[in-house]
Amino acid sequence: APPVVLGTVGEVAPDVATHFGVTARRIGWLEVDLGRLAAAPRRDAVARAVSRYPSADVDVALVVAEDVPAERVEGALAAGGGDLLESVALFDVYRGPAVPAGTRSLAFRLRFVAPDRTLTDEEVGRLRQASIDAAAGAAGARLR
């Protein structure tokens, strides 16, 4: 869904400010649509509680064809990780002799966390593999 615009922010052009006798300072302005703001979803409707348990970060480098959008790979990783996947972040793109021509390596950091317990290494391993399998199916990705 497209973002809902709740307002705008800007700066008064210096020549307009000068016309009104303001020369020593920059002038900013803010306009907020209070009706839309009041109707916007409350934070508790879109936010998750922060877990008291530690997260597990896993880095995964996947080789994909040049024409495969990174967003498709990211979405597949997220779908495969399920509810325990807190975030997916692309942190490196590599093209070079270590990957076949016409491909690139995309490195993602996956952060897994459970709201009620510390995840075991076995659980994290299964979640990691489920994410990789989903990226392989949706984007033709293979582990580097």
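Refer to the preceding data block for the structure.
Scoring rules and cut-offs
- Residues numbered from 1 in each chain as written.
- Predicted model: local features only at pLDDT ≥ 70, side-chain atom pairs only at ≥ 80, totals over all residues.
- Heavy atoms only, no water.
- Helix = DSSP H or I, 4+ residues; strand = E, 2+ residues; numbered from the N terminus.
- Rg over C-alpha atoms; globule rule 2.2 N^0.38 Å.
- Buried < 20%, exposed > 50% of the residue type's maximum accessible area, 1.4 Å probe, protein only.
- Areas by Shrake-Rupley, 256 points an atom, 1.4 Å probe, with all protein chains shown as cover.
- Axes fitted to C-alpha atoms, helices over the stretch in contact; angles between N-to-C directions.
- Parallel < 35°, antiparallel > 145°, perpendicular 65-115°, else oblique.
- Left-handed = near helix turned anticlockwise from the far one by under 90°.
- Contact = heavy atoms within 4.5 Å.
- Nonpolar A, V, L, I, M, F, W, Y, C, P; charged D, E, K, R; others polar.
- Pairing = 2+ DSSP bridges.
- Salt bridge = Lys/Arg side-chain N within 4 Å of Asp/Glu carboxyl O.
- Core = buried A, V, L, I, M, F, W, Y, C linked by side-chain atoms within 4.5 Å.
- Lys, Arg positive; Asp, Glu negative; His and termini not counted.
- Polar contact = N/O pair within 3.5 Å; in protein donor to acceptor, adjacent residues only side chain to side chain.
- Expected span 1.5 Å × (residues − 1).
- Phe/Tyr/Trp six-rings, centres within 6.5 Å; stacked < 30°, edge-to-face > 60°.
- Lys NZ or Arg CZ within 6 Å of the ring centre and 35° of its normal.

Asker: Teacher, can you tell me more about the overall build of the protein chain here?
Answerer: Scanning the protein chain for helices and strands turns up 5 helices and 6 strands. Shown N-terminal to C-terminal, the secondary structure of the protein chain runs as helices and strands in the order β-α-β-α-α-β-α-β-β-α-β. Computed over its C-alpha atoms, the radius of gyration of the protein chain comes to 23 Å, more than 25% above the 15 Å expected for a compact globule of 144 residues. For the protein chain, the spread of C-alpha atoms along the principal axes amounts to about 65 × 45 × 25 Å. Counting across all 144 residues of the protein chain, residues that qualify as buried make up 25%. When the accessible area of the protein chain is evaluated, it comes to approximately 9,700 Å², of which 56% is carbon and sulfur surface.

Asker: Could you clarify how one ought to interpret the packing of helix H4 (residues 70-81) against helix H5 (residues 121-139) in this entry?
Answerer: The axes of two packed helices give the description: the angle between them and the distance between them. Axis separation between H4 and H5 bottoms out at 7 Å; the angle between their running directions is 140°. Classified by the angle between their axes, H4 and H5 sit oblique to one another. As for the relative orientation of H4 and H5, their crossing is right-handed in sense. Where H4 approaches H5, its residues Arg 72, Val 73, Ala 76, Leu 77, Gly 80 and Gly 81 are matched on the opposing element by Leu 127, Ala 130, Ser 131, Ile 132, Ala 134, Ala 135, Ala 138 and Ala 139. The residue inventory of the contact of H4 with H5, partitioned by class, reads 10 nonpolar, 3 polar and 1 charged.

Asker: Any chance you could explain the sheet that holds strand E3 (residues 56-65) here in plain terms?
Answerer: Strand order in the open sheet formed by 4 strands is E4-E5-E3-E6, with antiparallel pairing between adjacent strands. Here the strands that pair on one side only, and so sit at the sheet edges, are strand E4 (85-94) and strand E6 (142-143). Alignment of E3 against strand E5 (residues 103-112), held across 10 bridges, turns out to be antiparallel. Bridging across to E5, Ala 56 finds its partner in Phe 112. Contacts from H4 reach E3, E4 and E5, with the element oriented near 35° to E5.

Asker: Would you mind going over the pattern of salt bridges with me for this structure?
Answerer: Any two side chains of opposite charge can pair if their charged atoms end up close together. Counted under the stated rule, the structure contains 7 salt bridges. When salt bridges with common partners are traced through the structure, they connect Asp 116, Arg 117 and Glu 123 into a single cluster.

Asker: Quick question: what am I supposed to make of the nonpolar core here?
Answerer: The tendency in soluble globular proteins is for nonpolar side chains to be buried side by side. Leu 62, Val 73, Leu 77, Leu 110 and Phe 112 are the most contacted members of the largest nonpolar core, which has 24 residues in total. Looking at this core, the elements with two or more residues in it are E3, H4, E4, E5 and H5. Discounting chain neighbours no more than four positions away, the residues touching Leu 77 are Leu 62, Leu 85, Val 88, Phe 108, Leu 110, Ser 131, Ile 132 and Ala 135.

Asker: I keep staring at the side chain of Arg 104 and nothing clicks. Help me out?
Answerer: Structurally, Arg 104 can be placed in strand E5. Buried charged residue Arg 104 carries no salt bridge. Nearest counter-charge: Glu 66, at 4.1 Å. Within polar-contact distance, the side chain of Arg 104 engages the backbone oxygen of Glu 66 at 3.0 Å.

Asker: What is the right way to look at H5 in this model?
Answerer: Counting along an α-helix, one turn takes 3.6 residues, and residues three or four places apart therefore face a common direction. Here H5 spans 26 Å end to end across 19 residues, near enough to the 27 Å set by a 1.5 Å rise per residue. Among the residues making up H5, those that are buried are Glu 123, Val 124, Leu 127, Ser 131, Ile 132, Ala 135 and Ala 139. Of the surrounding elements, those touching the buried residues of H5 are E3, H4, E5 and E6. Looking one or two residues past H5, Gly 140 carries a phi angle of roughly 70°, positive in sign.

Asker: For this particular structure, what's the right way to read the packing of aromatic side chains?
Answerer: Aromatic ring pairs: the centre-centre distance and the angle between the two ring planes describe each pair. All told, the structure shown has 0 aromatic pairs when counted by the stated rule. Between Arg 109 and the ring centre of Phe 91, over which it is positioned, the NZ or CZ distance is 4.7 Å.

The quantities given are spatial measurements derived from coordinates; they are silent on function.
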